[in-house]
Amino acid sequence: MANYQYYSSEDGYIDREREVKEFDDSKIGVKGLVDSGITTIPRFFVHPPENLNGAKHNPSANHDHPHQIPVTDLSALINNSDAHPGRRTRIVQQVGDAARRFGFFQIVNHGIPISVMDSTISAIKAFHQLPTEEKKKQYDRSRKGGVTYATNAHLFQSKEATWHDTLGVLTSPVSPDWERVPAVCRRELMEWNAEMKKLGEVLARLFSEGLGLKPERLEELKCLESRTLVANCYPHCPQPHLTLGLASHTDPRLFTILLQSELGGLQVKMEDGCWIDVKPMHGALVINVADLLQVISNGIYKSVEHRVLANCHKEPRVSIPVFLGPSEFGNSGQIYGPLPELVSEEKPALYRNFTIQEYMKDFFSNELAVLVNKYKLISN
């Protein structure tokens, strides 16, 4: 456990580890802090100014920036791909271009009913709005039965905490103990997991084809064996200018499928350093390239920094990312690195080989950050 200390002009040096442990042991989460009526946030949530650069909703930046997060319509692919081969080709081109240029894009007409999306969001809101005393019974970081509920997965590794609570369910390769998932959202999460399995396979094939590879290439690498469903709640923050909902980072695994509520907050960092809002679109899902896909593609696809602003609204913001990739449980002999098909004298390998166990150990042992750079080959 990291033992960071920080300075307060009133109290001298403050032992962050002690304060964080006291908070975590209380099992109330940030939603519990809000429900208790606090008007100032605990000191270990306060971020230095450099972390908060541009950390506000900025619609003018979105409007003025030359690049916007693209939107891809999957209707031709989902409805009848065989009847429209030309449309499928265009979809592959759009997905590949978005993954190369932005690392992020939104998809519409993806085959999941909007009613299912809405009920999933509502169920997660219902869980996070349960009384604090009831949610305390669920609070557990051990991932027992594949289920966890806590504030910040990296709470004890990070220098500063962020303003969100998380219900997490590891749904594959081993089915979780669904009885450990709160009853108020259990059925909806089971249904959402089934939808994510189907959509994940569709997207993996599009990503593969976008690299000029056969559609099943990523599946052959056992890249879809793991699915982790994460249901985040970003409650109202009384001092949103002092903290973040989620710190800047790139995602682990292969790619992420995100369902978000109508309240914005997700921002993506452009190459020029400008942060752009990912505006919620009813019925749309946000897709982003994760670190392993950047490595496998030898840097062709981009795993891009993103963050979530602290919520200044009275209503909580809900987001449900699903992380898809190889499993670190079993699969011990599988080595990942740039695909041989994408390496040449003109384009040498940019990353070293590694196992998914090595990568995920690094991910959970360190604060949330841009981890993929650790695997770059210095000579390149």
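Note on numbering: residues in each chain are counted from 1, in written sequence order. Local features in this predicted model are restricted to residues whose pLDDT is 70 or higher, and side-chain atom pairs enter the listing and the counts only when it is 80 or higher, whereas totals over whole chains, interfaces and linings include all residues. Hydrogens and water molecules were not included; the side-chain quantities draw on all heavy atoms of the structure.

As named in an unreviewed UniProt entry, the protein is Fe2OG dioxygenase domain-containing protein, taken from Aristolochia fimbriata.

### Re the overall build of the protein
Within the protein, the regular secondary structure consists of 11 helices and 16 strands. Since a compact globule built from 380 residues should have a radius of gyration of about 21 Å, the 21 Å found for the protein is in line with a globular shape. When its C-alpha atoms are laid out on the principal axes, the protein stretches across 65 × 50 × 50 Å. Any pair of residues with heavy atoms lying within 4.5 Å of one another is described as a contacting pair. The long-range share in the protein, meaning contacts at least 24 apart out of those at least 6 apart in sequence, stands at 77%. We get accessible surface area from the Shrake-Rupley algorithm with a probe of 1.4 Å; when it comes to residues, only the shown protein chains can shield them. Approximately 16700 Å² of the protein is accessible, and the part contributed by carbon and sulfur atoms is 51%. Think of it this way: any DSSP run of H or I at least four residues long counts as a helix, any run of E at least two long counts as a strand, and we number them from the N terminus. Both definitions apply: the radius of gyration is a C-alpha atom measure, and the globule rule equals 2.2 Å times residues to the power 0.38.

### Here we look at the nonpolar core
Nonpolar side chains in soluble globular proteins tend to end up buried together. Put simply, buried Ala, Val, Leu, Ile, Met, Phe, Trp, Tyr and Cys residues joined by side-chain atoms within 4.5 Å make one nonpolar core. Throughout this description, buried means an accessible area under 20% of the type-specific maximum (1.4 Å probe, protein chains only), exposed means over 50%, and partly exposed covers the range between. With 86 residues, the main nonpolar core has W192 and F207 as its most contacted residues. It is helix α8 (residues 183–210) that contributes the most residues to this core, 9 residues altogether. Leaving out residues up to four positions away in the same chain, F207 has contacts with V95, A99, F105, L218, F255, I287, V289, L293 and Y301. Judged by nonpolar contacts, the second largest core, of 14 residues, contains I28, L33, I41 and C237.

### Examining the packing of helix α6 (residues 114–128) against α8
Axis geometry follows a simple rule: fit a line to the C-alpha atoms, using only the stretch in contact for helices, then measure angles between N-to-C directions, giving values from 0 to 180 degrees. Packing of α6 against α8 leaves a shortest axis separation of 9 Å and a crossing angle of 145°. At the point where α6 passes α8, the crossing takes the left-handed sense. Contact residues: α6 offers V116, M117, S119, T120, A123, I124, A126 and F127, while α8 offers V184, C185, E188, L189, E191 and W192. As a working rule, the residues Ala, Val, Leu, Ile, Met, Phe, Trp, Tyr, Cys and Pro are called nonpolar, Asp, Glu, Lys and Arg charged, and the rest polar, with Gly in that last group. Its residues placed into classes, the contact of α6 with α8 shows 10 nonpolar, 2 polar and 2 charged. Should the near helix be turned counterclockwise from the far one by less than a right angle, the crossing is left-handed, whereas a clockwise turn marks it as right-handed.

### Re α8
An α-helix turns once per 3.6 residues; consequently, residues spaced three or four apart project the same way. Helix length check: α8 (28 residues) gives 40 Å between terminal C-alpha atoms against 40 Å at 1.5 Å per residue, within 8%. Remark: G212 follows α8 within two positions and exhibits a positive phi of approximately 80°. Each helix should span, by expectation, one fewer than its residue count multiplied by 1.5 Å.

### Focus on the sheet that holds strand β13 (residues 306–309)
When DSSP finds two or more bridges between two strands, those strands count as paired. Judged by pairing direction, the sheet is antiparallel, and its 4 strands sit side by side in the order β8-β13-β10-β11 without closing on themselves. Of all the strands in the sheet, the pair left with one neighbour each is β8 (244–249) and β11 (275–277). On average, each strand axis in the sheet is inclined to that of its neighbour by 25°, with strand direction left out of account.

### Some points on the pairing of strand β9 (residues 255–260)
Counting buried residues along β9, 6 of its 6 residues qualify, which places the element largely inside the surrounding structure. Residues F255, I257 and L259 of β9 are buried on one face, and the alternating residues T256, L258 and Q260, pointing to the opposite face, are buried as well. In this sheet, strand β12 (residues 285–289) lies alongside β9 in antiparallel orientation, the contact comprising 4 bridges. Looking at the pairing, L258 lines up with V286 of β12. The pairing of β9 with strand β14 (residues 317–325) spans 6 bridges and is antiparallel. Among the inter-strand pairings, Q260 is bridged to a residue of β14, identified as S319.

### Section: the sheet that holds strand β4 (residues 104–108)
What the 8 strands build is an open sheet, ordered β3-β4-β12-β9-β14-β7-β6-β5; its pairing is mixed. If you trace the sheet from one side to the other, it starts and ends with β3 (71–73) and β5 (147–151), each paired once. Averaged over all pairs of adjacent strands, the angle between strand axes in this sheet comes to 25°, irrespective of strand direction. In this structure, β5 lies alongside strand β6 (residues 165–172), joined through 5 bridges in antiparallel fashion. Bridge pairing in β6 links T151 to D165. In the packing of helix α5 (residues 85–101) onto the sheet, the strands contacted are β3, β4 and β12, and the crossing angle to β3 comes to about 160°.

### Some points on the environment of V268
Note on placement: V268 falls in strand β10 (residues 266–269). In sequence terms V268 and H306 are 38 residues apart; their C-alpha atoms lie 4.4 Å from each other. Filtering out sequence-adjacent residues up to four positions away, V268 remains in contact with I69, F104, C274, W275, I276, V278, V304, E305 and H306.

### Some words on the pattern of salt bridges
For salt bridges, the criterion is a side-chain nitrogen of Lys or Arg within 4 Å of an Asp or Glu carboxyl oxygen. Applying the stated criterion across every chain yields a total of 23 salt bridges. Of the charged contacts in the structure, one is a salt bridge between K269 and E305, with a shortest N-O distance of 4.0 Å. On the criterion of sequence distance, the pair formed by K269 in strand β10 and E305 in the loop between α10 (291–296) and β13 is long-range, its members being 36 residues apart. Given a relative accessible area of 30%, K269 falls into the partly exposed group. The partner of D362 in a salt bridge is K374, with the nearest N and O atoms 2.8 Å apart. Within this pair, whereas D362 is found in helix α11 (residues 356–365), its partner K374 is found in the segment after α11, the two being separated by 12 residues in sequence. Of the residues examined, K374 reaches a relative accessible area of 48% and is grouped as partly exposed. Each of K214, R217, E220 and E341 takes part in a single network of salt bridges with overlapping partners.

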